[in-house]
Amino acid sequence: MQSPDLNSLREFCNARRIMLCFNGPISRSLIEEIGNALRNYLEADRVQPGAAMDVFGIYIEMTQNIRHYATRMNYGEAEAAATVVIARDETGRHVVSAGNLVEVDDGRALVTRIEQLAALDKAALKQLYKEQLRRPRDTGQSSGAGLGLIDIARKASAPLAATALERPDGRSFFSLTALV
Amino acid sequence: MSRAIEMNDINIPGTQSIPSIRADYAAGLLRMAGDSYPENSFELFGPVIEWVEHYLEAETRPLHLDLALLYLNTSSIRAMMDIFDLLQAAHDNGRPVSVLWRYDRRNERVRELAEEFAEDCSFPFEISPTAIDHERS
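Residues numbered from 1 in each chain as written. Chains lettered and ligands numbered in written order. Predicted model: local features only at pLDDT ≥ 70, side-chain atom pairs only at ≥ 80, totals over all residues.

Some details on the interface of chain A and chain B
Argument step 1. Contacts between the two partners involve 20 residues from chain A and, on the opposite side, 18 residues from chain B.
Argument step 2. At 10 residues, the largest contribution of residues to the side of chain A that touches chain B is made by helix α3 (residues 49-72) of chain A.
Argument step 3. Partitioned by chemical class, the residues of the side of chain A that touches chain B number six nonpolar, eight polar and six charged. (Contact = placed C-beta atoms within 7 Å. Helix = DSSP H or I, 4+ residues; strand = E, 2+ residues; numbered from the N terminus. Nonpolar A, V, L, I, M, F, W, Y, C, P; charged D, E, K, R; others polar.)

This is the structure we're talking about:
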C-alpha cells in the first residue's frame, strides 16, 4: 500500500488557511465533536461571540442538512459522507464549506435555489425566512429543511456560492460555501 | 379517555447540544437555558409543547417562560415558534402569559434571535441583557 502524502495534504491546507477539515461518513456525534473543536478554535482566535455563533450555526445547518438528506434518501454509510472545510480567507473572514453526494436533479435544484437566495438582500431574506417558518411541515419530517438554507444565507456576510458537479456514476457532488 | 397521561413536571438536564428544560406545573413556570441543536428537535420539544398545551387547557393560572437560550438550529426555532404560538392563542383568549429571555450583552445574535420571535407576539415578552462583570477591564 502506498502511504498517503501527508506533506502535500498539509501544504494544501496551510496554503488555504484551513483550520479544520473532514471527509467521510458523518454521524450525529461527529457533528458535535467537530463543532466543539470549531468553537474552541474560534474562541482561541478571539472571534467576536456573534460572529463565532454565525460560523458555528452555518456549520451546524450545513452538516445537519447533509445528514437529513442522506436519511431521507436511504443512503448507505459511504454515500452518507460529507466533506467539510472551514478556513479563513486573506481578509480574515471565515469560509465555511460543506459538500455531499446528491441525485443529479436535486443538485441542479439546490444550485438554482442558492442562486435565488444569493440575489436577495437581508430584508428580503428575513421575509422569506418568516414565510418558510410559517409554512406547514410535512408530517413526520423532523428537520427544518428549506429553512436551513435561508438561515445560512442570512448569517453569511456575502452571497452564498454553490456548485453541483455531475459524476460518471449518475450522482452529483453538491458543494456550498458561505463567508462570515 | 385520551387524556390519561399524568401531567408531570419536566426536568431535562442540558447537554452541549440540548438545553436544560424545567417545567414546573405547580408554579406555572417553564425554564429553558443553553444551546439547542439536536438533530431531531421534535423528539426533544414534542413533550414540552404538549406540556404547555395541556397546562393552558387545564389551568386558568398564569404561565411564565424564563429563557436563557443561546444558539438554536432551525428545527429548534420551529419548535420554539410552536410554543410561542400556543402562548399567543392563550393571550388572545385573555390568559396571562409572559416571556423573559435573558442574554449575555456581549452576544447580539441572541438578542436578535429573541427579537424576531417577539415581533410576532403581542403578550409581554421581555428581552433582558445580563451584565457580565468579570470580563470588564
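There's more to say after this.
Overview of the pairing of strand β2 (residues 81-88) of chain A
Residues in a regular strand point their side chains to alternate faces of the sheet.
Residues and elements named next belong to chain A.
Argument step 1. Where strand β1 (residues 18-25) and β2 come together, seven bridges link them in antiparallel fashion. Its bridge partner lying in β2, Pro 25 is registered against Ala 81.
Argument step 2. Pairing between β2 and strand β3 (residues 94-103): six bridges, direction antiparallel. Following the sheet pairing, Ile 86 is matched in β3 by Val 96.
Argument step 3. Once β2 ends, the chain turns through five residues before running back antiparallel as β3, passing Gly 92 with a positive phi of about 95°. (Pairing = 2+ DSSP bridges.)

Remarks on the environment of Val 85 of chain A
Argument step 1. Relative to the helices and strands, Val 85 of chain A is located in strand β2.
Argument step 2. If near-sequence neighbours (up to four positions away) are discounted, Val 85 of chain A is found in contact with Ile 18, Cys 21 and Ser 97 of chain A.

Re the sheet that holds strand β3 (residues 29-36) of chain B
Residue and element names in this part refer to chain B.
Argument step 1. Pairing is mixed in the open sheet, where six strands are placed in the order β1-β2-β3-β4-β5-β6. With partners counted over all chains shown, the strands left at the sheet margins are β1 (10-12) and β6 (125-130), one partner each. If you compare each strand with its neighbour and ignore which way they point, the axes differ by 15° on average.
Argument step 2. Here β3 pairs with strand β4 (residues 63-72) via seven bridges, running parallel. Across the sheet, residue Leu 30 finds its bridge partner in β4, namely Leu 65. (Axes fitted to C-alpha atoms, helices over the stretch in contact; angles between N-to-C directions.)

What about the confidence of the model for chain B?
Residue and element names in this part refer to chain B.
Argument step 1. Mean pLDDT over chain B: 90, with 90% of residues reaching 70 or higher.
Argument step 2. Taken as a whole, residues 1-5 scores under 50 in pLDDT and shows zero contacts with residues more than four places along the chain or in a different chain.
Argument step 3. This stretch, residues 133-137, has a pLDDT under 50; its non-local contacts, to residues over four places away or in other chains, come to zero contacts.
Argument step 4. The ipTM assigned to the predicted complex is 0.90, against a pTM of 0.91. (pLDDT = per-residue confidence, 0-100.)

A few points about helix α3 (residues 108-118) of chain B
Residue and element names in this part refer to chain B.
Argument step 1. When we look at burial in α3, the residues that qualify are Val 110, Leu 113, Ala 114 and Phe 117. Buried residues of α3 fall within an arc of 95° about the axis and therefore sit on the same side. Relative to its buried face, α3 has exposed residues pointing more than 90 degrees away, namely Glu 112 and Glu 115.
Argument step 2. Looking at the buried side of α3, the elements it contacts are β4, α2 (74-92), β5 (97-104) and β6. (Buried ≥ 20, exposed ≤ 12 C-beta atoms within 10 Å, placed from the backbone. Arc of directions from axis to C-beta.)

Quick word on the packing of helix α1 (residues 41-58) of chain B against α2 of chain B
Residue and element names in this part refer to chain B.
Argument step 1. Interaxial distance between α1 and α2 falls to 10 Å at its minimum, and their mutual angle equals 5°. It follows from the interaxial angle that α1 and α2 lie roughly parallel. Judged by residue contacts, Ser 41, Phe 45, Val 48, Ile 49, Val 52, Glu 53 and Leu 56 of α1 engage Ser 75, Ser 76, Ala 79, Asp 82, Ile 83, Leu 86 and Ala 90 from α2.
Argument step 2. Residue classes in the contact of α1 with α2 are distributed as nine nonpolar, three polar and two charged. (Parallel < 35°, antiparallel > 145°, perpendicular 65-115°, else oblique.)

Details of α1 of chain B
All names here are of chain B.
Argument step 1. Taking 1.5 Å as the rise per residue, α1 with 18 residues should run 26 Å; its terminal C-alpha atoms sit 25 Å apart, in good agreement.
Argument step 2. Those residues of α1 that sit buried are Ser 41, Phe 45, Val 48, Val 52 and Leu 56.
Argument step 3. Against the buried residues of α1 lie β1, β2 (20-24), β3, β4 and α2. (Expected span 1.5 Å × (residues − 1).)

Overview of the confidence of the model for chain A
Detailed reading of the predicted coordinates is not advisable wherever pLDDT is low.
Argument step 1. For chain A, the mean per-residue pLDDT works out to 91, and 96% of the residues sit at or above 70.
Argument step 2. This stretch, residues 139-145 of chain A, has a pLDDT under 50; its non-local contacts, to residues over four places away or in other chains, come to 11 contacts.

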